[in-house]
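Results of the structural survey
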Amino acid sequence: MADQKASTSIEAVESGLAAQGYIASRQIATAVYLSQQIEKPILVEGPAGVGKTELAKAIAAWRGMKMIRLQCYEGLDEAKALYEWKYAKQLLYTQILKDKLGEVLGGAQTLHAALDQLHDFGDVFFSKEFVEPRPLLQALEQPGGCVLLIDEIDKSDAEFESLLLEILSDFQVTIPELGTVSAITPPTVILTSNSERDLGDALKRRCLHLHIGFPEQRLEERIVESRVPGISQTLRRQMVGFIHEIRSLDLKKLPSVSESIDWARVLVLLQATELDTEIVKDTLNVLLKYEADIEAAAPQVTTFIAKAARSNVFG
Amino acid sequence: MRENLHRFFRAARGVGVHVSPAESIDAMRAVAKVGISDRAVLRDALLLTLAKSQDEKLALGDCFDLFFSQPEPRQDQPEAASDGDAGKGEDQPPSSGSASEAGEGQPAEGLGPLAQMLLSQDRNAVAAAIASASGAASLSDIRYSTQRGIFSSRILDAMGLQRLRDDLDQLTAANPALAERLRAALDALREAVRETVSQGLALYAREEAENLRNEILRNAPLARIERRQVAEMRALIRQIARRLRERYSKPRKRQRRGHLDVRRTLRRNAAWGGVPFLTAWKRKHRDRPKIVALCDVSGSVAQVSDFFLLLIHSLHEVVDGVRSFAFSSHLIEVSDILEAKSPEEAMAEIMSKVGFGSSDYGSSLGDFEKDFMGALTPQTTVIVLGDARSNNLDPRADILRRISERSKRLVWLNPEGRLAWGFGDSEMPRYGTFCTVVRQCATAQQLERAVSDIVATYQ
């Protein structure tokens, strides 16, 4: 019985994302479903342009939540990711309050009493008022929950990972002067990585590990269909088949889903109804981003078109 | 199912996927949510929670397919399969009852449940019985291929082989034709059980077998590694190097600026009444690790120097500021080669330049003093890898003394045992007096410990 409910929920995820124009494979849908059910972040790995960031956007749109994005880069630290003290505001307030100091201390007869009174005010400057929340803290403070996208975590330093651990496992951060800030509603956390560097085990252990590779032909056709509605079915099949052939080549950068979509749009703009050598050669630069790749692929174009057409007979 | 999942975790560890208790709890929770009826979803859920990389996903996927290709031990009829002694002949299980009518209408009264099941030729029932019997025989405990026989017979016993034998004896007299059929079925059963055990071995024993082999390799003397083991040994050393790297490597770039140094800021701005025009920042100080490695690549240590070089190569990856030198009769710097090339290429190049000669420690140390003495600072750790056999040439221990005086530590790693030091042309005792540490370093394990100690002092 429980399984029944569960399987419909995975489907619910699938259709919910599809309504946002994100065609998810079953694995992706399962990952999203599980991350909600057992409250775990998802670490998404895979080549560039297969829709890792899009996934976070689609989830946010589907569930009507705010998306907070933290773009990682080398040298990112807690002051930029978590919180920072508003130094300027603190200084300004000190200057303004200088005059008030006399009033505060006015009642004190001895130096000791004055010090005691000062201590009471000491903590004012390190209070919530003077904290500038950065994306991570903002995400915890959203009352309705949010989707927190930590993009390209592999670009950040290893220390930054350790900073994330507390948030990822308990959805809370500890600010030394203030104490622990816990999430009101645990955010849905998506981390993406291009595997530029190996992530630490501690981080991986806290996440569901989802690998998004290049989609299967059918799935990619559906993705193109949902993103580029005007494209004819024959052309769609041919171009996806063609792209799958291109991916079998040894290229510097293989075309990924975002390139397929771009190409489909270009083909629609050019009012193509089916692939031919001429039009492919003219638009190859949409698919391939390196001159060397284009040169490598160009001689194969005719054979690939033929192959793509042939496979469609049975597909 | 819980039991089954635990067995799967064990199998997963076998294929090299690290399943910690925390991960197994996650997997359990995930499985509780998605249920077990849809195998594809179950597979996805386990892959998502357990695997931590694409490689692990592939391995785990294969493992899943292999694991769940076995029928699950069924809960509803373990009695029928496992205790063959009870007089179950009367209340026959429904499957065998219906099938025995189909099976040529032979009378099957008075036979044990196993015999009935075999004669009924109900393949599903037999498979389920094998599965539950292998559960009873705790097949998941199998570790070594030599245990195959014992587990096979345990499973057969659990299925009621004893009773079947009695039945066979009885039938041979009463109904030879039926006995013949039963015997053929028993042979087929034995084969099926053997297959199940082999599969179990493939699933559960991989981890142990690998651990055992690695353990043996780890402790095997490097110099006496057989040719067929060299590749495995290299893989092991590479694994050690990777572990060292994971444990000790630090990001290359680090921010030098730290937090605001309040004390210095206030003092610096005292002239402006404490209004901080100039800020002062704390700086992070870090010792620059300095390691100088001298590696003997002469003929007498040829077997070992391969591994030494491999490890030095990984040292270059782990810490900054390593300079490496290789020598047999003369000494050259090999830092650039090790930095720029893959281990295999680097080793081949180094060996072609200075390798396999007869060792002359004296002249090599002389080369070092002449050209590279300036590389040594009071922070440097010098590692010498070699057997200290100098072919009865002048050992020039005085140079080693000067090296020792200029550096922080001098570590000598010797592939020979302590017993051999000082005998023949070994100059180890003479060199040893100037070394901070002298260690025997003949096995992969000793090598790992030595290097780990050296690197750890810099963290």
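Residues numbered from 1 in each chain as written. Chains lettered and ligands numbered in written order. Predicted model: local features only at pLDDT ≥ 70, side-chain atom pairs only at ≥ 80, totals over all residues. Heavy atoms only, no water.

**A short note on the overall build of chain B**
Per the secondary structure count, chain B includes 21 helices and eight strands. For chain B, the residues scored as buried account for 48% of the 459 residues in total. Carbon and sulfur atoms make up 50% of the accessible area of chain B, which amounts to about 22700 Å² in all. (Helix = DSSP H or I, 4+ residues; strand = E, 2+ residues; numbered from the N terminus. Buried < 20%, exposed > 50% of the residue type's maximum accessible area, 1.4 Å probe, protein only. Areas by Shrake-Rupley, 256 points an atom, 1.4 Å probe, with all protein chains shown as cover.)

**Re the overall build of chain A**
The helix and strand inventory of chain A stands at 15 helices and nine strands. Counting over 315 residues, chain A shows a buried share of 44%. In chain A, of all internal contacts separated by at least 6 residues, the share reaching a separation of at least 24 is 76%. Per element, the accessible surface of chain A, about 15500 Å² overall, is 52% carbon and sulfur. (Contact = heavy atoms within 4.5 Å.)

**Examining the pairing of strand β7 (residues 409-414) of chain B**
Residue and element names in this part refer to chain B. Burial of β7 is extensive: six of the six residues sit out of reach of the surface. Of the two faces of β7, the one lined by R409, V411 and L413 and the one lined by L410, W412 and N414 are each fully buried. Taken together, the five bridges between strand β6 (residues 381-385) and β7 define a ladder with parallel strand orientation. Paired with I383 across the two strands is V411, which belongs to β7. After leaving β6, the chain enters helix α19 (residues 397-406) and then returns to the sheet as β7, a path that is right-handed. (Pairing = 2+ DSSP bridges. Right-handed = clockwise from strand over helix to strand, strands pointing away.)

**Some words on the packing of helix α2 (residues 21-34) of chain B against helix α3 (residues 39-50) of chain B**
All names here are of chain B. Axis separation between α2 and α3 bottoms out at 9 Å; the angle between their running directions is 155°. As summarised for this structure, α2 and α3 are arranged roughly antiparallel, according to the angle between their axes. Between α2 and α3 lies a crossing whose hand is right-handed. Contacts from E23, D26, A27, A30, V31 and V34 of α2 reach α3 at V41, L42, A45, L46, T49 and L50. When its residues are assigned to classes, the contact of α2 with α3 shows nine nonpolar, one polar and two charged. (Axes fitted to C-alpha atoms, helices over the stretch in contact; angles between N-to-C directions. Parallel < 35°, antiparallel > 145°, perpendicular 65-115°, else oblique. Left-handed = near helix turned anticlockwise from the far one by under 90°. Nonpolar A, V, L, I, M, F, W, Y, C, P; charged D, E, K, R; others polar.)

**With respect to the sheet that holds β6(B)**
All names here are of chain B. Taken together, the six strands give an open sheet; going across it, the order is β5-β4-β3-β6-β7-β8, and neighbouring strands pair in mixed fashion. Two strands lie at the open edges of the sheet, namely β5 (331-333) and β8 (437-440), each paired on one side alone. For this sheet, the mean inter-axis angle between neighbouring strands, taken without regard to orientation, is 20°. When β7 meets β8, the two strands line up parallel, connected through four bridges. Bridging from a neighbouring strand, V411 pairs with V437 of β8.

**Notes on the interface of chain A and chain B**
Facing 26 residues of chain A, the contacting portion of chain B comprises 29 residues. Both faces combined, the contact of chain A with chain B buries some 2400 Å², and carbon together with sulfur accounts for 57% of it. For the pair chain A and chain B, the number of links is two salt bridges. Across the salt bridge formed by B:D44 and A:R26, the nearest N and O atoms sit 2.8 Å from each other. Contributions of two or more residues to the side of chain A that touches chain B are made by α1 (2-19), α2 (26-37), α5 (87-106), α9 (201-205) and β9 (208-211) of chain A. At seven residues, α2(A) tops the list of elements feeding residues into the side of chain A that touches chain B. Considered class by class, the residues forming the side of chain A that touches chain B number 10 nonpolar, seven polar and nine charged. (Buried area = accessible area lost by both parts, 1.4 Å probe. Salt bridge = Lys/Arg side-chain N within 4 Å of Asp/Glu carboxyl O.)

**So, the pattern of salt bridges**
Side-chain pairs of opposite charge can arise whenever the charged atoms involved come near each other. All names here are of chain A. Tallied over the entire structure, the rule returns 28 salt bridges over all chains. Here E259 ties to K253 by a salt bridge, and the two come within 3.5 Å at their closest N and O atoms. Overall, the relative accessible area of 7% leaves E259 in the buried class. For E259, the salt bridge identified is with K289, shortest N-O distance 3.5 Å. A residue pair is termed long-range when its members are at least 10 positions apart, and E259 in helix α12 (residues 257-269) and K289 in the loop between α13 (277-287) and α14 (291-297) qualify at 30 residues.

**A word on α13(A)**
Residues and elements named next belong to chain A. Within α13, burial applies to I279, V280, T283, L284, V286 and L287. Projected down its long axis, α13 shows its buried positions confined to an angular sector of 160°, all on one face. Exposed and oriented more than 90 degrees from the buried face of α13 are E278 and D282. You can read the cap of α13 off the contacts: a side-chain oxygen lies 3.0 Å from the backbone nitrogen of E278, and it is on D276. (Arc of directions from axis to C-beta. Polar contact = N/O pair within 3.5 Å; in protein donor to acceptor, adjacent residues only side chain to side chain.)

**Thoughts on the nonpolar core**
In terms of nonpolar packing, the biggest core is built from 65 residues, with A:L17, A:L55, A:L210, A:F242, A:W263, A:V280 and A:L284 touching the most fellow members. B:C63, B:V126, B:I130 and B:V193 belong to the second-largest nonpolar core, a separate cluster that totals 55 residues. (Core = buried A, V, L, I, M, F, W, Y, C linked by side-chain atoms within 4.5 Å.)

**Focus on the sheet that holds strand β2 (residues 66-71) of chain A**
Residues and elements named next belong to chain A. If you walk across this open sheet you meet the five strands as β2-β5-β8-β1-β9, and the pairing is parallel. Whereas interior strands pair on both sides, the edge strands pair on one side only; in this sheet they are β2 and β9. Averaged over all neighbouring strand pairs, the angle between strand axes comes to 20°, with direction disregarded. Packed on one face of the sheet, α2 meets β1 (42-45), β8 (188-193) and β9 and runs near 160° to β9.

**Points about α2(B)**
Residues and elements named next belong to chain B. Spanning 14 residues, α2 covers 20 Å between terminal C-alpha atoms, matching the ideal 20 Å at 1.5 Å per step. Of all the positions in α2, only E23, S24, D26, A27, A30, V31 and V34 are classed as buried. Along the long axis of α2, the arc covered by the buried residues comes to 155°, so they all point the same way. Exposed residues on α2 whose side chains face more than 90 degrees from its buried face are P21, I25 and A32. (Expected span 1.5 Å × (residues − 1).)

**Description of a negative patch on the surface**
Negative charge collects at one region of the surface, where A:E274, A:D276, A:E278 and A:D282 lie side by side. Within the fold, A:E274 resides in the loop between α12 and α13. (Patch = residues over 30% accessible without salt bridge, like charges linked within 9 Å, V, L, I, M, F, W, Y side chains within 5 Å. Lys, Arg positive; Asp, Glu negative; His and termini not counted. Charge placed at Lys NZ, Arg CZ, Asp CG, Glu CD.)

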